[in-house]
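The primary structure of each chain is shown beneath.
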Amino acid sequence: MDKKQTRKYTIGFSRMEKKYEWKDHVIFMGLLLALAVWVNRGIEIKGLYMDDLYFWSCYGEQSFWEYVFPMGSTRFRFLYYLAAWLEMAVVQNHTGLFVPINILLNAALSWMLYSIGRRLAASKGVGFLCGAMFLISRMAYYQIGQVLGLMETMALWMAVLILWYLYRYLNEEGQQRRYFIACGLYFGVCFVHERYMALIPLFLLTLLLKRSRKLWEWLAPVISFLAVQLIRALTIGSVLPAGTGGTQVADTFSISRSIRFALSQAAYVFGINAGPEHLNGLPWSESPWLIRGLVILADLMVAALVVGLLIRLVKSGKDVRRSLLKNIALFLGFIAMCIASSSVTIRVEMRWVYVSLAAALLFMAWMYGVLTADVKKELYLKRLWPWGAAFACYVLLMLPVELFYRGYYPKLYLWPNQLRYNSLAGETYEKYGDQLFGKTIYIIGDSYEMSDFTANTFFKVFDPERKAQGTRVVHIKSIRDFGLVTDNMLVLREDPENNAFQDVTEFVRELKLKSEYGYYRDGWMDEHAEISVMAGSTGSIDLEIMYPGLLRGGETISITREGWPPDTMAVQSSVIRTSIHVEPFQTVRLRFDYNFYMQDAQEQRGVDRLAAIVNIEAD
């Protein structure tokens, strides 16, 4: 070798030494974890709603066996329910932990893709790109931003492992054990999400490609499939999967719509938002030309890999060509079956395409491995050109695209409600803590159409005892619908423009009862005080004046209404009740003058001394 070749070989060899490889793995996995945290910054779960809140309520109200094995339900996902029960048992009422857990799980998925991708490509760099592209994808919105994202994460992990083990079985000798593990994973994934029942033909295809003649290898997936159907029939009374949005696949299935949905999922895999705004944030037709241009350029990089693979197919010998075609059939079959399983319901959500994207990335890693198979692995720099460069360019081109589309998450159908209930949690429990429990929460407006279930359950999530005893939500049209603000009340208003709630308790408190001087929140009033009070619908302002001291005789209270002569009352008992009548919802200014004060008071808050405790009602 010349000096240049020797230097290149030495660099490559040092990188490939086994004793250094674990450091590379740690570095790449650390980078993937950092990327997962960075790309999902700003996503948070403070309050639960809809499906997340329902599953939490089931956890809080049902026994372990009822929760994990819901007999008679429309779905039987006991493996997911078990994982969800364990997660909720750990999180308890700390809802803010759900997103960090989701991020960590998604990062772990990227580590798995890195591991598989580097083995398919014989390149750690390409494996890293697989994991990175998976993490930055906008399709992660559900797995990160919803508690039920755990379900999609579990199913994706198991499905990708099925693909990997079938690949090992197809291409390596002595891999029957992994094949049977894949059959076990198939049984399991069907009880995480039933749409993966559609993967059963992949096992039969793999056996055909392998030309297996072993009866047990053919029986294993069939037995798994039949066992799944038998359990479903016994537990939910049906073998047909339920659709999304409370529908049934048998009732809504349409061949033409399924074909259209399948094509749209294929478009999603290639970076094209082929659906409506509420399902992807921003449709392809409304995307800026720059974003569309980047997607097209990225797809050209994919096309370059495909063309390279086709050329390799043509130039390869018969045996090699047969082997390549088998693997192509395996990858495409897996992707096709995942797409088909997500095309039979009433809509296509990006979260369902996430597994297809993961498989497509591994397929590309495999292409890279095939196209660079003739180059020595230790010459890793030489292996990068041109196919590694194409793969890297694909990821770099898609990075700004994915980040751009992530900016449109607020337009996804589930995002506005999540923002609203995050805000509700922030304006209540996050601000007041356990003091929230037992309060009546008045919400001005009902444009968010909060259900009774949400109103009755939402705040129980924050109570370690899961009760939120005495806490209730009341929707009102205006602040005129209740009297003065007490310490057992909170007043919020809807802010639809920002998908938020606003805590206006103190503003309304001051509006309804303002202390000009000498009157305090706990009811104590000085010798001389003045307040402004808004009357209620009856126009009656009721006063209860309590003097906890010893009456010596001659004590009087003078109440002066603005524009009226003083009304002086003789104090003959420690509690005096009186009423002032004004026009409904009129704000009136009242001055109080006492000719006595608390003799043994331990404090003096203002210029004057404390005189009495005054409770005011204005309904």
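Counting from 1, residues in each chain are numbered in the order their sequence is written. Reporting of local features is limited, given that this is a predicted model, to residues whose pLDDT is at least 70; pairs of side-chain atoms are given and counted only at 80 or more, and all residues count toward the totals for whole chains, interfaces and linings. Remark: hydrogens and water are excluded; side-chain values derive from all non-hydrogen atoms of the structure.

S.K.: Even after reading the chapter, I still don't get the overall build of the chain, so can you show me in this structure?
M.R.: Think of it this way: any DSSP run of H or I at least four residues long counts as a helix, any run of E at least two long counts as a strand, and we number them from the N terminus. Secondary structure summary: the chain contains 23 helices and 12 strands in total. For 619 residues, the compact-globule estimate of 2.2 N^0.38 gives 25 Å, and the C-alpha radius of gyration of the chain, at 34 Å, exceeds that figure by more than 25%. Classification of the 619 residues of the chain by burial places 52% in the buried group. Whether two residues are in contact is decided by their heavy atoms: any pair within 4.5 Å suffices. For the chain, the share of sequence-separated contacts (at least 6 apart) that also reach a separation of at least 24 residues comes to 75%. Of the accessible surface of the chain, which amounts to about 28600 Å², a share of 60% is contributed by carbon and sulfur atoms. Counting rule for charge: Lys and Arg are taken as positive, Asp and Glu as negative, and neither His nor the chain ends is counted. Lysine's charge is taken at NZ, arginine's at CZ, aspartate's at CG and glutamate's at CD. Charge centroids of the chain, computed over 63 positive and 57 negative side chains, lie 20 Å from each other. Only the C-alpha atoms count toward the radius of gyration. The rule for a globule is 2.2 Å times the residue count to the power 0.38. Each residue's exposure class comes from its accessible area (1.4 Å probe, protein chains only) as a fraction of the maximum for that residue type: buried when under 20%, exposed when over 50%, partly exposed otherwise. Surface accessibility in these figures is a Shrake-Rupley result with a 1.4 Å probe; residues are shielded only by whichever protein chains are displayed.

S.K.: I tried to follow empty space enclosed by the protein on my own but got confused; where do I start?
M.R.: Rolled over the atoms, a probe as big as a water molecule pinpoints where empty space is left. Definitions used for this entry: grid spacing 1 Å over protein atoms alone; cavity, a set of points where a 1.4 Å probe fits but cannot get out; pocket, an open set with protein on both sides within 12 Å along at least 5 of 7 lines; lining residue, one with an atom within 4 Å of a point. Grid points are joined across faces, edges and corners, and a volume is the space filled by probe spheres set on the points. Counted according to the given criterion, the structure contains 3 cavities of 30 Å³ or more. In this model, the largest cavity occupies a volume close to 40 Å³. Lining the largest cavity are Trp56, Tyr59, Gln92, Asn93, Val461, Asp463, Pro464 and Arg466. Under the scheme applied, nonpolar residues are Ala, Val, Leu, Ile, Met, Phe, Trp, Tyr, Cys and Pro; charged residues are Asp, Glu, Lys and Arg; polar residues are all the others, including Gly. In the lining of the largest cavity, the residues fall into 4 nonpolar, 2 polar and 2 charged.

S.K.: I would appreciate a short explanation of the sheet that holds strand E4 (residues 500-503) in the present structure.
M.R.: Whether parallel or antiparallel, the strands of a sheet pair through hydrogen bonds between backbone atoms. Following DSSP output, two strands are said to pair if at least two bridges run between them. Read across the sheet, 4 strands follow the order E2-E1-E3-E4 without closing on themselves; strand pairing throughout is mixed. A strand with exactly one partner marks an edge of an open sheet, and here the two such strands are strand E2 (472-476) and E4. The mean angle between the axes of side-by-side strands here comes to 30 degrees, regardless of whether they run parallel or antiparallel. The pairing of strand E1 (residues 440-444) with E2 spans 5 bridges and is classified as parallel. Along E2, the bridge assignment pairs isoleucine 444 with isoleucine 476. Helix H20 (residues 415-427) rests against strand E3 (489-495) and E4 of the sheet, and its axis sits at about 20 degrees to E4. Here an axis means a line fitted to C-alpha atoms, over the contact stretch when the element is a helix, while the angle between two N-to-C directions is reported on a 0 to 180 degree scale.

S.K.: In this structure, what is going on with the pattern of salt bridges? I would like to understand it.
M.R.: Side chains that carry opposite charge are capable of pairing whenever their charged atoms lie near each other. Criterion for a salt bridge: a side-chain nitrogen of Lys or Arg within 4 Å of a carboxyl oxygen of Asp or Glu. In total, this model carries 27 salt bridges according to the counting rule given. When the shortest N-O distance is used, the salt bridge between glutamate 44 and lysine 46 registers 4.0 Å. One salt bridge connects aspartate 593 with arginine 591, and the closest N-O pair in it is separated by 2.8 Å. Judged by its relative accessible area of 16%, aspartate 593 falls in the buried class. Arginine 591 gets classed as partly exposed once you look at its relative accessible area, which sits at 29%. Because the salt bridges share partners, they merge into one network encompassing Glu152, Arg195, Arg347, Glu349 and Arg351.

S.K.: Before we go on, may I ask you to explain the pairing of strand E11 (residues 587-594) in this structure?
M.R.: The two faces of a sheet get side chains in turn, since along a regular strand they alternate between them. Sheet topology places strand E6 (residues 524-534) next to E11; 7 bridges connect them, and they run antiparallel. Along E11, the bridge assignment pairs glutamate 530 with arginine 591. The sheet contact formed by strand E8 (residues 556-561) and E11 spans 5 bridges and is antiparallel. For isoleucine 559, the partnering residue across the bridge sits in E11 and is phenylalanine 592.

S.K.: How should I be thinking about the nonpolar core in this particular structure?
M.R.: Nonpolar side chains tend toward joint burial in soluble globular proteins. The nonpolar core is taken to be a set of buried Ala, Val, Leu, Ile, Met, Phe, Trp, Tyr and Cys residues, with the residues joined through side-chain atoms within 4.5 Å. Counting residues in each nonpolar core, the largest one holds 158 residues, and the members touching the most others are Trp366 and Tyr394. Here this core takes 18 residues from helix H18 (residues 350-371), the largest share from any one element. Discounting residues that sit within four places of it in the chain, tyrosine 394 has contacts with Met133, Val269, Ala298, Met301, Val302, Leu357, Leu361 and Met364. Counting residues in hydrophobic clusters, the runner-up holds 33 residues, among them Ala535, Ile557, Leu610 and Ala611.

S.K.: Help me out: how do you make sense of the packing of helix H14 (residues 255-269) against H18 in this one?
M.R.: Any two packed helices are characterised by how steeply their axes cross, that is the angle between the axes, and by the distance between the axes. Relative orientation of the contacting elements H14 and H18 amounts to 60 degrees, with a least axis distance of 9 Å. Considering their axes alone, H14 and H18 lie oblique with respect to each other. Note that H14 runs across H18; the crossing there is right-handed. The segment H14 lies against H18, with Gln265, Tyr268 and Val269 engaging Met350, Trp352, Val353, Ser356, Leu357 and Ala360. What sets the label is the angle itself: under 35 degrees gives roughly parallel, over 145 gives roughly antiparallel, 65 to 115 gives roughly perpendicular, and the rest give oblique. Here is the rule for handedness: rotate from the far helix to the near one, and if that takes an anticlockwise turn smaller than a right angle the crossing is left-handed, while a clockwise turn gives right-handed.

S.K.: Looking at this structure, I do not really get the side chain of serine 212. What am I missing?
M.R.: Among the structural elements, serine 212 can be located in the loop between helix H11 (200-210) and helix H12 (215-236). At 2.5 Å, the side chain of serine 212 and the side chain of glutamate 217 are in polar contact. With residues near it in sequence (within four places) discarded, serine 212 still touches Tyr169, Leu207, Glu217 and Trp218. Here a polar contact is taken to be a pair of N or O atoms separated by no more than 3.5 Å, where protein atoms must pair a possible hydrogen donor with a possible acceptor and residues adjacent in sequence count only if both atoms sit in side chains.

S.K.: Help me out: how do you make sense of a nonpolar patch on the surface in this one?
M.R.: A surface patch of nonpolar side chains, about 520 Å² in accessible area, is lined by Phe180, Leu215, Trp216, Leu219 and Ile223. Here the element with the most residues in the nonpolar patch is H12; it accounts for 4 residues. Within the secondary structure layout, tryptophan 216 lies in helix H12. The class of tryptophan 216 is exposed, set by a relative accessible area of 60%. Exposure above 30% relative accessible area and the lack of any salt bridge qualify a residue for a patch; like charges then connect within 9 Å, and the nonpolar side chains Val, Leu, Ile, Met, Phe, Trp and Tyr within 5 Å.

S.K.: Help me understand the packing of aromatic side chains in this model?
M.R.: Ring geometry is summarised as follows: Phe, Tyr and Trp rings, the Trp one being its six-membered ring, pair when their centres sit within 6.5 Å, and such pairs are stacked at plane angles under 30 degrees, edge-to-face over 60 and tilted between the two. What the rule picks out here adds up to 43 aromatic pairs. Taken together, a centroid distance of 6.3 Å and an interplanar angle of 80 degrees make the contact between tyrosine 59 and tyrosine 67 edge-to-face. Residue tyrosine 59 is classed as buried on the basis of its relative accessible area, which comes to 7%. Ring centres of tyrosine 448 and phenylalanine 501 lie 5.1 Å apart, and the angle between their planes is 85 degrees; this geometry places the pair in the edge-to-face category. Of this pair, tyrosine 448 sits in the loop between E1 and helix H22 (452-457) while phenylalanine 501 sits in strand E4, and the two are 53 residues apart along the sequence. We classify phenylalanine 501 as buried; its relative accessible area is 3%. Against the face of phenylalanine 482 rests lysine 512, its NZ or CZ located 4.6 Å from the ring centre. A cation over a ring is seen here: arginine 605 above tyrosine 520, with NZ or CZ 5.0 Å from the ring centre. As a reminder, the over-ring test applies to NZ of lysine and CZ of arginine, requiring each to be within 6 Å of the ring centre and within 35 degrees of the ring normal.

S.K.: Looking at this structure, how should I read the pairing of strand E10 (residues 575-581)?
M.R.: With burial as the criterion, only one face of E10 is covered, namely that bearing Ile576, Thr578 and Ile580; the residues Val575, Arg577, Ser579 and His581 on the opposite face remain uncovered. One ladder, built from 7 bridges, connects strand E7 (residues 540-546) with E10; its direction is antiparallel. Looking at the pairing, isoleucine 545 lines up with isoleucine 576 of E10.

S.K.: Is there a simple way to explain the environment of phenylalanine 596 in this structure?
M.R.: Within the secondary structure, phenylalanine 596 is located in the loop between E11 and strand E12 (610-617). The spacing of phenylalanine 596 and arginine 609 is 13 residues in sequence and 9.2 Å in space, taken between C-alpha atoms.

S.K.: Hey, could you run me through the side chain of aspartate 526 in this one?
M.R.: When you line up the elements, aspartate 526 lands in strand E6. This buried residue, aspartate 526, is left without a salt bridge; arginine 605 holds the nearest opposite charge, at 6.7 Å. Among all residues touching aspartate 526, those that are not within four sequence positions of it are Gly518, Tyr520, Tyr594, Gly606, Asp608, Arg609, Leu610 and Ala611.

Function cannot be inferred from these measures alone, as they are strictly geometric.
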